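Summary of the model geometry
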Amino acid sequence: MSVPKLTIKDLHVAVEGKEILKGVNLEVKGGEIHAIMGPNGTGKSTLASALMGHPKYEVTSGTVTLDDQDLLEMAVDERARAGLFLAMQYPSEISGVTNSDFLRSAINAKRGEGNEISLMKFIRELDKKMELLEMDESFATRYLNEGFSGGEKKRNEILQMLMLQPRIAILDEIDSGLDIDALKVVAKGVNSMRSPEFGCLIITHYQRLLNYIKPDFVHVFMQGRIVKSGGPELAERLEAEGYDWVKEELGIEDEAANPTA
Ligand SMILES: Nc1ncnc2c1ncn2[C@@H]1O[C@H](COP(=O)(O)OP(=O)(O)OP(=O)(O)O)[C@@H](O)[C@H]1O
Ligand SMILES: [Mg+2]
């Protein structure tokens, strides 16, 4: 396995003709954990959706490469096959498809025809990962996310990540709605992935998740781009003081923190 490298350069993205991302620059390499924090509505989830190739998000300029391959030229499934994974802020429910069937199809789609995972191996892996995440086995046979509580959906996103073993994962508010114990379990899942072959971008509002998943870099997202970067101490200061000092430091007008205002 090779060390992944995701490189985002001056990325501009529009939704329904309105520019939301205004020049995002970021590099995430294998072995690194990056955290993005920023006020509501500034474009964090838009960045995640655009990277995954959601058709609603139009890249108007800039480049994104994964291992020097042009990511923006790739279809959504090709991006997944190249090792990109997104845990969504609002995971969708799919009625009629069990969690286990969904996971097996996703794994096989990634592995390609003729290289499908054996049922035995799949079940063994699923058992192991569900145990790590302290999930009841009934979640394997329930329909995907249907009737799952908010926290259960988040835990299930991490299960998908552990089963798919991506090279670069984007986790959008994976901690929202989690109780303290679930937060630790989700962190355990993410930490179990840590290796030079895995890079992670965590979008979060709260420093507390970062107590359990130590980030190497913390970025502040405002006005559709990263306006400031630092280490874990930056997250601690944001939690304690909010965003006003960043705005003051950078001369950002209050209402301009929201790109759509
Ligand atoms: N599919 C869409 N249709 C219309 N507007 C959108 C869409 N996606 C994003 N936007 C707008 O783009 C802006 C940024 O939204 P985004 O979800 O990226 O913010 P965010 O930083 O993730 O916020 P939060 O912290 O609340 O999750 C918002 O004003 C939002 O309404
Ligand atoms: Mg969001």
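Starting from 1, residues in each chain are numbered consecutively following that chain's sequence as written. Here the convention is simple: chains get letters from A, ligands get numbers from 1, in the order in which they are written. pLDDT decides what is reported in this predicted model: residues at 70 or higher carry local features, side-chain atom pairs at 80 or more are listed and counted, and totals for whole chains, interfaces and linings draw on all residues regardless. Side-chain numbers come from the whole structure's heavy atoms, not from hydrogens or water.

1. Quick look at the coordination of the magnesium ion (ligand 2)
Ideal geometry at a metal centre: 109.5 degrees between donors when four sit tetrahedrally, and 90 or 180 degrees when six sit octahedrally. For clarity, the cut-off: Water is absent from the atoms considered, so a metal site may look incomplete; donors are defined as N, O and S atoms within 2.8 Å of the metal, or 3.2 Å for Na, K and Ca. Each helix corresponds to a stretch of at least 4 residues labelled H or I by DSSP, and each strand to a stretch of at least 2 residues labelled E; elements are numbered beginning at the N terminus. Residue exposure (1.4 Å probe, protein chains only): buried if accessible area is under 20% of the type maximum, exposed if over 50%, otherwise partly exposed.
Coordination of the magnesium ion (ligand 2) by the protein is provided by Ser 45 (OG) and Gln 89 (OE1), with metal-donor distances spanning 2.0 to 2.2 Å. You can see Ser 45 sitting in helix α1 (residues 44-52) and its partner Gln 89 sitting in the loop between β6 (84-87) and β7 (94-98), a full 44 residues away along the chain. A residue is classified by how much of its surface remains accessible, and Gln 89, at 18% relative accessible area, is buried.

2. Focus on the site of ligand 1
The condition is simple: Definition of nearness: a residue and a molecule or strand are near each other if at least one heavy atom of the residue lies within 4 Å of the molecule or strand. In the analysis that follows, any N or O atom pair within 3.5 Å is treated as a polar contact, provided that within protein one partner can donate a hydrogen and the other can accept it, and provided that, for residues neighboring in sequence, both atoms belong to side chains. For the area figures, the Shrake-Rupley method with a 1.4 Å probe applies, and any residue is considered shielded solely by the protein chains shown. Gly counts as polar in this scheme, as do all residues outside two lists: the nonpolar Ala, Val, Leu, Ile, Met, Phe, Trp, Tyr, Cys and Pro, and the charged Asp, Glu, Lys and Arg.
Around ligand 1 lies a shell of 16 residues, among which Gly 41, Lys 44, Thr 46, Tyr 57 and His 205 are the nearest. At 3.2 Å, a backbone N or O of Thr 42 approaches an oxygen atom of ligand 1. Starting from 640 Å² of accessible surface for ligand 1 in isolation, the protein chains cover 71%. Here the element with the most residues in the shell around ligand 1 is α1; it accounts for 3 residues. By residue class, the composition of the shell around ligand 1 is 4 nonpolar, 9 polar and 3 charged.

3. Description of the pairing of strand β3 (residues 33-37)
The side chains of a regular strand alternate, first on one face of the sheet and then on the other. Put simply, the rule is: DSSP-based pairing: two strands are paired if at least 2 bridges between them are found.
The buried count for β3 comes to 5 of 5 residues, which makes it a mostly enclosed element. Alternating residues of β3 divide into Ile 33, Ala 35 and Met 37 and His 34 and Ile 36, and every residue in both groups is buried. Bridge count between β3 and strand β11 (residues 217-222): 4 bridges; the pairing is parallel. When the sheet's bridge partners are listed, His 34 is paired in β11 with Phe 217.

4. Points about the packing of aromatic side chains
Short version of the rule: In this analysis, rings of Phe, Tyr and Trp, with Trp reduced to its six-membered ring, are considered paired at centre separations within 6.5 Å, and the interplanar angle assigns stacked below 30 degrees, edge-to-face beyond 60, and tilted for intermediate values. For a Lys NZ or an Arg CZ to count as sitting over a ring, it must be within 6 Å of the ring centre and within 35 degrees of the ring normal.
Taken as a whole and judged by the stated rule, the model has 1 aromatic pair. Judged by centre distance (5.1 Å) and plane angle (85°), the rings of Phe 139 and Phe 148 are edge-to-face. Sitting above the plane of the Trp 245 ring, Arg 237 keeps its charged end 3.6 Å from the centroid.

5. A look at unusual backbone geometry
Positive phi values are uncommon outside glycine, yet Glu 134 reaches one of about 50°. Tracing the chain through its elements places Glu 134 in the loop between α4 (119-132) and α5 (138-141). Classification of Glu 134 as exposed rests on a relative accessible area of 52%. Residue Gln 165 is not a glycine yet carries a positive backbone phi of 50°. Among the secondary structure elements, Gln 165 is positioned in the loop between α6 (150-164) and β9 (168-172).

6. Notes on the sheet that holds strand β4 (residues 57-66)
Inclusion rule: When checking whether two residues touch, look at their non-hydrogen atoms; a contact exists if any pair is within 4.5 Å. Note on geometry: axes are lines fitted to C-alpha atoms, helical ones only across the stretch in contact, with angles between N-to-C directions running from 0 to 180 degrees.
Pairing in this open sheet of 4 strands is antiparallel, and the strands run β2-β1-β4-β5 from one edge to the other. The sheet is open, and its two borders are formed by β2 (18-29) and β5 (69-70), each paired with just one other strand. Packing of α1 onto the sheet brings it into contact with β1 (5-15), β2 and β4, and relative to β1 it is tilted by some 110°.

7. Focus on the pattern of salt bridges
Oppositely charged side chains can form a pair if their charged atoms are brought close together. Where we set the bar: By convention in these notes, a salt bridge is any Lys or Arg side-chain nitrogen within 4 Å of a carboxyl oxygen on Asp or Glu.
Enumeration according to the criterion identifies 13 salt bridges in this entry. Across the salt bridge formed by Lys 29 and Glu 32, the nearest N and O atoms sit 3.9 Å from each other. Look at Lys 29 and you get partly exposed, because its relative accessible area is 34%. Between Asp 67 and Arg 167 there is a salt bridge, with the nearest N and O atoms lying 2.7 Å from each other. Here Asp 67, found in the loop between β4 and β5, pairs with Arg 167, found in the loop between α6 and β9; they are 100 residues apart in sequence, far enough to count as distant. Relative accessible area serves as the criterion here: at 10%, Arg 167 is assigned to the buried category. Shared partners join several salt bridges into a network, and the residues in it are Glu 27, Lys 29 and Glu 32.

8. A look at the UniProt feature "domain: ABC transporter" (unreviewed entry) in the chain
This is how it is decided: UniProt positions are given in the numbering used here, feature names are shortened, and annotations may be inferred rather than shown by experiment.
Taking the UniProt record as the reference, the feature "domain: ABC transporter" (unreviewed entry) is found at residues 6-248. Between the end C-alpha atoms of residues 6-248 the distance is 31 Å, and the span holds 39% helix and 30% strand.

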